[in-house]
Amino acid sequence: MKRRPFTTSKTFLPAAYAALLAAVSLFSSCRPLIPVETKDFIMGTVVSQKVYGPDAKAAAVSAVQRMRQLEAQLSFFNPSSEISRLNASAGITPVRLSSETLFLLRKSSFYAKESGGAFDILVGPLVRKWKVTQGGTVPSKEEIAALLPLADWKGLRVSENGDSAMLEKKGQMADLGGIAKGFAADEVLRIYRAHAITSAVIDIGGNVSVLGKNPDGNPWRVGIQNPLAERGITAGYVEIEDRSMSTSGAYERFFKSGGKQYHHIIDPSTGYPSDSDLTSTTIIAASSTDTDALSTAAFVLGCEKGMRLVGQIKEASAVFITKDRTIHATKDLHHTLTVTDGFPIIWH
Ligand code: FAD
Ligand code: MG
């Protein structure tokens, strides 16, 4: 027997049933939405997710799988990654790579060119020598001078339509540490959307991407660390929806030696940790791949040149904090940025 589809019309509902239905819907609209929250350690950093919606659990699980897969593929530290194969073949032969790795290499070259070489993934040999994320050692001047010529982004040759790339000189090494976490965050948002999620946050060690609005209907509020204070103390916050935000800071990863502090962002023109007038750079834009690369590039360039670079990139906004404790922000953030810690602010 064919079943009649279950249809209701308010006018035909018996009064008691209608009252019950009203009570149930009132109850469910008052009940706070419970997100799926996860914390993992991926790509050398803490990754946290907050995902709302009926398929949130499956989305969060797929996101973690995808991030682990990208880590295996893109890690500078994993000898069997695509990046390590590229590095091992430097000066010898082109290497076939996946479309994602090639995409990131092309993006890296784009930002290297736009930033006049301040963003340069071929800082790899210097990163390895400084070992900032493994305790750190200060190399000798001679060691820096010997490695400096290798940090030249023009040595990365990516076939325009093909499927391979090559590093020109023996000893050159690509390190995607300044861009790959951003790409991973973009991939996670793609996964959320595929699961019909409309409200979520992913934070991959300072690369924060938000999907839609907070379930309370407001934009997401994302804090900006005060680089001159303890971790967790913010200098302000931005209110964003469907946006990505990346921060690079001298305080993120560093070691101390001989009373001096050495951080992990290398100025490719000197071979030493970058020593611009900035202590942190935050970029907000549609794609986390872009915000990640831009925040690293601007950090090296310093306030004035960094602002100029941000101005060249469509719909990118910036919040820089200088060593002399001033916030510099792009004017488009006037209604988005709130400063909480008494920092003077200069609009650009
Ligand atoms: P960002 O400013 O975004 O990037 C700084 C990082 O980019 C530096 O640490 C360096 O790696 C690179 N870099 C330095 N100077 C420049 C420059 N001028 N231009 C371009 N890039 C530059 N860390 C570990 O300790 N162990 C791991 O096993 C490990 N695995 C990782 C795997 C992947 C796929 C990725 C993406 C990162 C991994 N990391 C690991 C972390 C990585 O080494 C960096 O320290 C991290 O990505 C820095 O991110 P950030 O947002 O703090 O700084
Ligand atoms: Mg970065």
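For the structure itself, consult the block above.
Here the residue index of a chain counts from 1 through its sequence in written order. Chains carry letters from A onward and ligands carry numbers from 1 onward, assigned in written order. Since the coordinates come from a predicted model, pLDDT governs what is reported: local features require at least 70, and pairs of side-chain atoms require 80 or more to be given and counted, while whole-chain, interface and lining totals use all residues. Side-chain calculation: all heavy atoms of the structure are included, whereas hydrogens and water are not.

A.B. asks: How would you sum up the overall build of the chain? Please name residues and give values.
C.D. replies: Comment: elements are numbered from the N terminus, with helices defined as DSSP H or I runs of at least four residues and strands as E runs of at least two. Check the secondary structure of the chain and you find nine helices and 17 strands. Taken along the three principal axes of its C-alpha coordinates, the chain extends 90 × 55 × 35 Å. A simple rule labels every residue: compare its accessible area, found with a 1.4 Å probe on the protein chains alone, to the largest value its type can have, and call it buried under 20%, exposed over 50%, or partly exposed in between. Classification of the 348 residues of the chain by burial places 49% in the buried group. Excluding contacts between residues fewer than 6 apart, the proportion of contacts in the chain whose partners are at least 24 apart in sequence is 59%. Accessible surface computed for the chain: about 17,500 Å², of which carbon and sulfur atoms make up 56%. Just so you know, the count uses Lys and Arg for positive and Asp and Glu for negative, and it drops His and the chain ends. Working definition for charges: the position is that of NZ of Lys, CZ of Arg, CG of Asp or CD of Glu. Averaging the positions of the 39 positive and the 34 negative side-chain charges in the chain gives two centres separated by 5 Å. The contact rule is simple, with two residues in contact once any of their heavy atoms fall within 4.5 Å. Only the protein chains shown count as cover for residues, and the accessible areas themselves come from Shrake-Rupley with a 1.4 Å probe.

A.B. asks: Kindly report on the packing of aromatic side chains, identifying the contributing residues and their values.
C.D. replies: Aromatic pairs are defined between Phe, Tyr and Trp rings, using the six-membered ring for Trp, whenever the two ring centres lie within 6.5 Å; interplanar angles under 30 degrees are classed as stacked, those over 60 as edge-to-face, and all others as tilted. One pass over the full model with this rule turns up eight aromatic pairs. Ring geometry for Y52 against W220: centres 6.3 Å apart, planes inclined by 40 degrees, an arrangement best described as tilted. Note that Y52 is positioned in strand 2 (residues 45-52) and W220 in strand 8 (residues 220-225), a separation of 168 residues in sequence. Here Y52 and W220 have matching classes, each one buried. When the ring of F103 is compared with that of F183, the centres are 5.7 Å apart and the planes differ by 45 degrees; the resulting orientation is tilted. A residue pair is termed long-range when its members are at least 10 positions apart, and F103 in helix 4 (residues 99-114) and F183 in helix 7 (residues 180-194) qualify at 80 residues. Here F103 falls in the partly exposed class, since its relative accessible area comes to 36%. Counting every residue linked through ring pairs, the aromatic cluster contains W130, F255, Y262 and Y272. Taking NZ or CZ as reference, R128 lies 4.2 Å from the ring centre of F76, over its face. Comment: the charge-over-ring label is applied if NZ (Lys) or CZ (Arg) is within 6 Å of the ring centre and within 35 degrees of the ring normal. Sitting over the ring of F343, R325 keeps its end group 4.1 Å from the ring centre.

A.B. asks: Please provide a residue-by-residue account of the pattern of salt bridges, values included.
C.D. replies: Side chains that differ in charge, positive against negative, can pair when their charged atoms come close. A pair is scored as a salt bridge if a Lys or Arg side-chain nitrogen falls within 4 Å of a carboxyl oxygen belonging to Asp or Glu. In this structure the tally under the stated criterion is 12 salt bridges. E100 is the partner of R66 in a salt bridge, and the nearest nitrogen-oxygen pair spans 2.6 Å. Of this pair, R66 sits in helix 2 (residues 56-74) while E100 sits in helix 4, and the two are 34 residues apart along the sequence. On the basis of relative accessible area, R66 is assigned to the buried category, the value being 8%. Since its relative accessible area comes to 24%, E100 is described here as partly exposed. E304 is the partner of R308 in a salt bridge, and the nearest nitrogen-oxygen pair spans 3.2 Å. Of this pair, R308 and E304 both sit in helix 9 (residues 303-312), separated by four residues, roughly a single helical turn. The two residues R308 and E304 agree in class, both being exposed. The network of salt bridges with shared partners includes R66, E100, E187 and R190.

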